[in-house]
Amino acid sequence: MKRRTFLLSLAGVGAAAWAGSRWWPDGEWRNPCLPGLPQALANHPLVRAAWAGLDPARVWDMHVHVAGTGDSGSGMRVNPAMDSLAHPVLYTQKRVFMDAACASGDSGVDAAYLDRLLHLATAFPPGVKFMLYAMEQFHDDGGHAHDVHTGIHVPNAYVRTLAQAYPERFEWVASIHPYRSNAVAHLEQCIRDGARAVKWLPSAMGIHPASAQCDAFYAALKKHDLPLIVHTGTELSVNSEGHSQDHNNPLHLRRPLAARVRVVAAHCASLGQDRDWDAGDQAGKVSSFTLFTRLMNEPIGVKLYGDLSAIPQFHRYRILPTLLENASWQARLLNASDYPLPGILPIYLLKELVRAGLLKADEAEVLHAIRRHNPLLFDFVMKRSLTWNGNKFAASCFETRAFFDRTTGVST
């Protein structure tokens, strides 16, 4: 048995024993990485229904990660701890993510990751695009980068190059640490190079969104009307060891919102708890989603949006009824896949969504077949199929291009 297979299987058995049979995966533990979508699935009524009422040219998946080892000269880098058995969680984490992206082969990890993503994109109609994310290094309060504290670094230059090489499929999102001395200049260069937004993962990058150190950066974002996408809620995918999960507290987004920046709260703060600072310094913790909801309903939150990435996962899906039923939020919800996470099959429990009344059993059966071939299409069709008391996500949630394409004109 290959070492990777053994480690993933061992981790899976332990997790299932802890959680109980209800949380046992619907099928495989690993992504089977099957080629090409069979015609019967590509033309299935559920897939056709998912595209009904949508203009593919307006459909942009706004949350797609790029990853690799840098073996192509891309400049990408993963922390050496992720290749050391002395750090078993990080070691397994890297292999799970690469397995989800089918990133293995003689061509190298970087090339395999890109090839698989391009292959998955062919199942989507012409005009559909995927927004690729860069990932900045961890920086200290003085604005200095530290590789030792950086989980993964994906340079802006590499992601920009991919978007320029495949303009029919990719747009790109920059990642810039606001504490850098040249942060604003770098932002302006990225805008000239076609960046559609900026992405932060505060706990992994060492950013406190409520810090005055961010104000000049916020002013520049407002000047150029560029959205800021910020991870909210507990972070599990990228190493944040030694860094504050409180940096991901949705309440910290009041500062960029006050600066009139359009802010996207990634995942709608759907996981974990954060301190309710509105209740004072000694306040306890409440669900992160509660704080996100508070912001969405405040006057200052008129420029706050939420992305739908990862929300159907088994440890997040309970907020779906609230999102689906809230008609006033539909114009501020943006679809996103968080690829390659849809390729981690055990964290998407279709049977649990059926049990909760969010999917029909026959829909889940089709979705299960789709994800074995194409996790990206699976994520899209699943979200188009989710229903609660007759409510579905509005078409506007999926036609996200207007939010990021400044040439189409966005109301500010």
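Residues numbered from 1 in each chain as written. Predicted model: local features only at pLDDT ≥ 70, side-chain atom pairs only at ≥ 80, totals over all residues. Heavy atoms only, no water.

A.B. asks: Even after reading the chapter, I still don't get the pairing of strand β8 (residues 263-266), so can you show me in this structure?
C.D. replies: Along any regular strand, the residues point their side chains to alternate faces of the sheet. By the alternation rule, side chains of β8 split into V263 and A265 and V264 and A266, which are all buried. Bridge analysis of β8 against strand β11 (residues 304-307) gives three bridges, and the strand direction is parallel. Opposite A265, over in β11, you have G306 as the bridge partner. (Buried < 20%, exposed > 50% of the residue type's maximum accessible area, 1.4 Å probe, protein only. Helix = DSSP H or I, 4+ residues; strand = E, 2+ residues; numbered from the N terminus. Pairing = 2+ DSSP bridges.)

A.B. asks: Would you mind going over the side chain of K129 with me for this structure?
C.D. replies: Counting through the fold element by element, K129 comes out in strand β3 (residues 129-133). With sequence-adjacent residues up to four places away left out, K129 is seen in contact with V59, W60, D61, P167, E168, R169, F170 and E171. (Contact = heavy atoms within 4.5 Å.)

A.B. asks: Got a minute to help me understand the packing of aromatic side chains in this structure?
C.D. replies: The geometry of an aromatic ring pair comes down to the distance between the two centres and the angle between the two planes. The final tally for this structure, using the stated rule, is 14 aromatic pairs. Clustering of aromatic rings is evident, with ring pairs tying together W51, F124, F130, F380 and F398. A cation over a ring is seen here: R275 above W277, with NZ or CZ 5.8 Å from the ring centre. (Phe/Tyr/Trp six-rings, centres within 6.5 Å; stacked < 30°, edge-to-face > 60°. Lys NZ or Arg CZ within 6 Å of the ring centre and 35° of its normal.)

A.B. asks: Before we go on, may I ask you to explain the state of the cysteines in this structure?
C.D. replies: As used in these notes, a disulfide is a covalent bond between sulfur atoms, one from each of two cysteines. Following the criterion strictly, the structure yields one disulfide and no others. The disulfide bridge from C33 ends at C102, spanning 2.0 Å between sulfur atoms. Measuring the twist about the S-S bond at about -100°, one finds the C33-C102 disulfide to be left-handed. Here C102 lies in the loop between α4 (88-100) and α5 (109-121) and C33 lies in the loop between α1 (3-19) and α2 (39-42), a separation of 69 residues in the sequence. Here C190 stays unpaired: no disulfide links it, and the sulfur of C214, its closest cysteine neighbor, is 17 Å away. (Disulfide = S-S within 2.5 Å.)

A.B. asks: Is there a simple way to explain the sheet that holds strand β7 (residues 228-231) in this structure?
C.D. replies: The strands making up a sheet are joined through hydrogen bonds of the backbone, oriented either antiparallel or parallel. Strand order in this open sheet of five strands is β6-β7-β8-β11-β12, and the pairing throughout is parallel. Unpaired on one side and paired on the other, β6 (198-200) and β12 (333-334) mark the two borders of the sheet. Judged from the two bridges that link them, β11 and β12 form a sheet pairing that is parallel. Opposite D307, over in β12, you have L334 as the bridge partner. Strands in contact with helix α11 (residues 288-297) are β8 and β11; relative to β11, the strand with the most contacts, it is inclined by about 140°. (Axes fitted to C-alpha atoms, helices over the stretch in contact; angles between N-to-C directions.)

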